[in-house]
Amino acid sequence: MRKQGQRAFAFSNAKQLFRRRLFSHWREQSAIIRTAADWTVLLYILIPGGLLGGRLYYGFWNEALPAWSVNLPFMLIPSLLVLLICNGGLVLLLQEGDLLFLRQRQRWVNTIVFRGLLYSLIVTSLKFCVAFALLLPFLIRGFEMTSSEVWALFALTLACSWCVKLLGHLVKVQKQGWRRWLWLFLAISVPNAIYFRVASLWNDRPLIISLSAVLFTVVAIIAFRWRLLMRGTFMNDVREDYKQRMKIAAILLRHVLDKPRPTRHKPWIFRKSQPLLKSKTAESRFSAAAIKALVRNPAHLKLYLAFTVVSAVAILIIPSGFKWLGFVVLTSLMSFWLFSFWSLFVGDDYVGILPFTKEQKAEAGMHAVPILLLPFTMITSALICLSLYGWWGIILFVPVGYMVGLFISRIFGTFRLGKE
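Here the structure is a predicted model, which is why all the values come from computation and not from measurement.

J.: What is the right way to read the overall build of the chain from this model?
T.: Along the chain, the regular secondary structure elements total 17 helices and 0 strands. The burial tally for the chain puts 36% of its 420 residues in the buried class. When the accessible surface of the chain is totalled, it reaches about 26100 Å², and 69% of it is carbon and sulfur.

Structure below.
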């Protein structure tokens with residue numbers, strides 16, 4: 001009977017099951033990458049890039065270091081490593097079906113979790129090996145660190161990364177809501193703050209750094225054992241595991257698909273839906289609806305704010321003789337985008353139900369776009385007037401911003417709305 005029961009399973013032990021899931025995980029990640037880039041194209045990029053990178057790396061060891069690296073402070077090195085420590089997570093290779101088929105075999109679950117933790121920590125270690133290999137010429141030749149100091153810094157970085165990964169994982173699978181974010185902040189910020197402090201102040205004292213690495217290792221071992229003894233977090237384990245396995249897909253699809261918006265019972269702004277404009281005509285109500293639609297949509301609002309910030313920086317950088325020309329060009333670009341948003345808003349299926357004529361839609365658009373353009377023109381004109389005319393700019397920027405925005409929007413509206 002025992003032999004028959006063993007034959008009933010596709011795998012005789014948990015080690016074989018973990019090995020199968022690990023190979024499946026690798027195939028899954030490679031398939032995700034292949035959907036974004038053809039291997040032929042990657043070869044054309046990787047081979048020349050590898051040759052060029054190898055030549056640069058050889059030059060870092062045998063030739064003079066670049067001029068930009070001479071004056072870099074050492075604090076930049078632990079800062080970059082802290083960013084790398086905060087990136088990534090743990091993959092346990094647990095699946096939803098284990099709730100039905102492996103819950104009675106707790107040893108199998110423990111073996112998969114144990115090997116998943118080891119695999120994740122090994123991947124993390126390899127990542128930092130590559131990072132230190134790239135930084136090694138700058139550490140030894142640029143900052144004149146000895147081999148013992150470099151090894152001590154490497155051990156400290158590796159131990160801190162293990163500690164942060166394990167503590168962050170423990171918080172993610174046990175806490176929910178605001179407590180989760182609070183504990184996650186502490187689990188990540190406290191070890192990184194200690195690491196940055198030790199690496200910055202005592203980089204020339206390998207003994208202190210080594211002792212700190214031992215303390216991080218002890219904390220990591222305690223967190224590792226705690227994770228193995230933990231019970232009652234299976235569904236959270238599966239959820240976090242799925243997030244880690246889908247990270248590459250999320251990065252590749254970030255700029256292709258919009259992030260699902262959370263369901264709101266009330267909008268975050270204009271909650272009472274009171275009339276936005278004084279006029280009660282149908283065209284004014286239609287214009288107000290378009291204004292509210294842009295402000296309430298996070299994607300459109302972020303794009304509006306981002307373009308405003310970039311334009312403000314561009315206005316400050318442009319030489320004084322070309323600021324007004326740049327202002328006109330940037331305002332024209334913003335006006336073009338706002339009329340594109342208006343066309344998208346008017347073409348929506350729900351808006352199409354409303355019995356508005358073509359003339360009414362054009363009139364509403366000519367009224368809505370200048371209002372949406374007004375904050376942008378006010379900010380940019382204020383920067384120009386204050387930088388060029390000093391205190392007189394406080395008086396000039398309001399009428400200038402209003403008149404230029406109205407004039408450009410009228411010109412674009414005549415062409416865009418006249419063709420619709």
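J.: Explanation requested: the packing of helix α13 (residues 298–317) against helix α14 (residues 323–346) in the structure shown.
T.: When two helices pack together, their arrangement is given by the angle between the helix axes and the distance between those axes. Running from N to C, α13 and α14 cross one another at 170°; their axes reach a closest spacing of 10 Å. Viewed along their axes, α13 and α14 adopt a mutual orientation that is roughly antiparallel. On α14, the residues touching His-300, Leu-303, Tyr-304, Phe-307, Thr-308, Ser-311, Ala-314, Ile-315 and Leu-316 of α13 are Lys-323, Gly-326, Phe-327, Leu-330, Leu-333, Met-334, Trp-337, Leu-338, Phe-341 and Leu-344. Across the contact of α13 with α14, the residue classes break down as 14 nonpolar, 4 polar and 1 charged.

J.: Before we go on, may I ask you to explain the packing of helix α4 (residues 76–86) against helix α8 (residues 177–201) in this structure?
T.: Contact geometry of α4 with α8 gives a least axis separation of 10 Å together with a crossing angle of 155°. Comparing the axis directions of α4 and α8 gives the class roughly antiparallel. The way α4 lies across α8 gives a crossing that is right-handed. Counting all contacts with α4, which are made through Pro-78, Ser-79, Leu-81, Val-82, Ile-85 and Cys-86, the residues of α8 involved are Ile-188, Asn-192, Tyr-195, Phe-196, Ala-199 and Ser-200.

J.: Even after reading the chapter, I still don't get unusual backbone geometry, so can you show me in this structure?
T.: Negative phi values dominate among residues other than glycine, just as trans dominates among peptide bonds. Residue Glu-144 is not a glycine yet carries a positive backbone phi of 55°. Relative to the elements of secondary structure, Glu-144 occurs in the loop between α6 (106–142) and α7 (147–174).

J.: Quick question: what am I supposed to make of the nonpolar core here?
T.: Counting residues in hydrophobic clusters, the biggest one holds 26 residues, and the most contacted among them are Leu-139, Leu-153, Leu-156, Tyr-195 and Phe-216. Contributions of two or more residues to this core are made by α4, α6, α7, α8 and α9 (206–229). Tallying contributions element by element places α7 first for this core, with 10 residues. Other than its neighbours up to four places away in sequence, Phe-216 contacts Leu-156, Ala-159, Cys-160, Cys-163, Pro-191, Ile-194 and Tyr-195. Membership of the second largest hydrophobic core comes to 25 residues, among which are Val-109, Leu-170, Phe-234 and Val-238.

J.: What is the right way to look at the environment of Phe-376 in this model?
T.: Here Phe-376 shows up in helix α16 (residues 358–389). Along the primary structure Phe-376 and Tyr-402 are separated by 26 residues, whereas in three dimensions their C-alpha atoms are 10.0 Å apart. Once you skip the residues sitting within four places of it in the chain, Phe-376 turns out to touch Tyr-304, Phe-307, Thr-308, Ser-311, Leu-330, Thr-331 and Met-334.

J.: So what exactly am I meant to see when it comes to the confidence of the model for the chain here?
T.: Regions with low pLDDT carry predicted coordinates that are not meant to be interpreted in detail. For the chain, per-residue confidence averages 78 on the pLDDT scale, and 80% of positions sit at 70 or higher. The model gives residues 1–8 a pLDDT under 50, and that stretch makes 0 contacts with residues more than four places away or in other chains.

J.: Even after reading the chapter, I still don't get α4, so can you show me in this structure?
T.: All of the buried residues along α4 are Ile-77, Pro-78, Leu-81, Val-82 and Ile-85. End-on, the buried residues of α4 take up no more than an arc of 135°, which puts them together on one face. In the segment just after α4, Gly-88 is the residue with positive phi, at about 100°.

J.: What exactly am I supposed to notice about a nonpolar patch on the surface here?
T.: On the surface, Trp-178, Leu-182, Trp-183, Phe-185, Leu-186, Val-190 and Ile-194 cluster together into a nonpolar patch covering about 730 Å² of accessible area. Tracing the backbone shows Leu-186 in helix α8.

J.: Can you help me understand the side chain of Ser-125 in this one?
T.: Secondary-structure assignment places Ser-125 in helix α6. Here the side chain of Ser-125 touches Leu-121 through a polar contact of 2.8 Å, landing on its backbone oxygen. Aside from chain neighbours lying at most four places away, what touches Ser-125 is Leu-158 and Trp-162.

J.: Mind showing me how you'd approach the packing of aromatic side chains here?
T.: Each aromatic ring pair is characterised by the separation of its centres together with the angle its planes make. Enumeration according to the criterion identifies 11 aromatic pairs in this entry. Seen in terms of ring centroids, Trp-26 and Tyr-119 are 6.4 Å apart; in terms of plane orientation they differ by 50°. Their pairing is tilted. Taken together, the residues Trp-26 in helix α2 (residues 14–36) and Tyr-119 in helix α6 connect sequence positions 93 residues apart. Plain terms: the ring middles of Tyr-57 and Trp-61 are 6.4 Å apart, the flat faces sit at 80° to each other, and that makes the pair edge-to-face. Taken as a pair, Tyr-57 and Trp-61 lie in helix α3 (residues 39–62) at a separation of 4 residues, close to a single helical turn. Members of the aromatic cluster, connected to one another through ring pairs, are Phe-23, Trp-26 and Tyr-119. Seen from the ring of Trp-181, Arg-180 lies directly overhead, with NZ or CZ sitting 6.0 Å from the centre.

J.: Explanation requested: helix α10 (residues 234–245) in the structure shown.
T.: Residues three or four positions apart in an α-helix share a direction because the helix packs 3.6 residues into each turn. Its 12 residues place the ends of α10 16 Å apart at the C-alpha level, agreeing with the 16 Å of an ideal helix rising 1.5 Å per residue. Every buried residue of α10 is listed here: Phe-234, Asp-237, Val-238, Glu-240, Asp-241, Gln-244 and Arg-245.

J.: I would appreciate a short explanation of the environment of Met-235 in the present structure.
T.: Note on placement: Met-235 falls in helix α10. Taking relative accessible area as the criterion, Met-235 reaches 48% and is therefore assigned partly exposed. Measuring from C-alpha to C-alpha, the distance between Met-235 and Gln-95 comes to 9.2 Å, with 140 residues separating the pair along the chain.

J.: It is not clear to me how the environment of Ala-159 should be interpreted in this structure. Could you clarify?
T.: Counting through the fold element by element, Ala-159 comes out in helix α7. Separated by 57 residues in sequence, Ala-159 and Phe-216 place their C-alpha atoms 5.4 Å apart. Setting aside residues no more than four positions away along its own chain, Ala-159 makes contact with Ala-213, Phe-216 and Thr-217.

Conventions adopted
- Residues numbered from 1 in each chain as written.
- Predicted model: local features only at pLDDT ≥ 70, side-chain atom pairs only at ≥ 80, totals over all residues.
- Heavy atoms only, no water.
- Helix = DSSP H or I, 4+ residues; strand = E, 2+ residues; numbered from the N terminus.
- Buried < 20%, exposed > 50% of the residue type's maximum accessible area, 1.4 Å probe, protein only.
- Areas by Shrake-Rupley, 256 points an atom, 1.4 Å probe, with all protein chains shown as cover.
- Axes fitted to C-alpha atoms, helices over the stretch in contact; angles between N-to-C directions.
- Parallel < 35°, antiparallel > 145°, perpendicular 65-115°, else oblique.
- Contact = heavy atoms within 4.5 Å.
- Nonpolar A, V, L, I, M, F, W, Y, C, P; charged D, E, K, R; others polar.
- Left-handed = near helix turned anticlockwise from the far one by under 90°.
- Core = buried A, V, L, I, M, F, W, Y, C linked by side-chain atoms within 4.5 Å.
- pLDDT = per-residue confidence, 0-100.
- Arc of directions from axis to C-beta.
- Patch = residues over 30% accessible without salt bridge, like charges linked within 9 Å, V, L, I, M, F, W, Y side chains within 5 Å.
- Salt bridge = Lys/Arg side-chain N within 4 Å of Asp/Glu carboxyl O.
- Polar contact = N/O pair within 3.5 Å; in protein donor to acceptor, adjacent residues only side chain to side chain.
- Phe/Tyr/Trp six-rings, centres within 6.5 Å; stacked < 30°, edge-to-face > 60°.
- Lys NZ or Arg CZ within 6 Å of the ring centre and 35° of its normal.
- Expected span 1.5 Å × (residues − 1).

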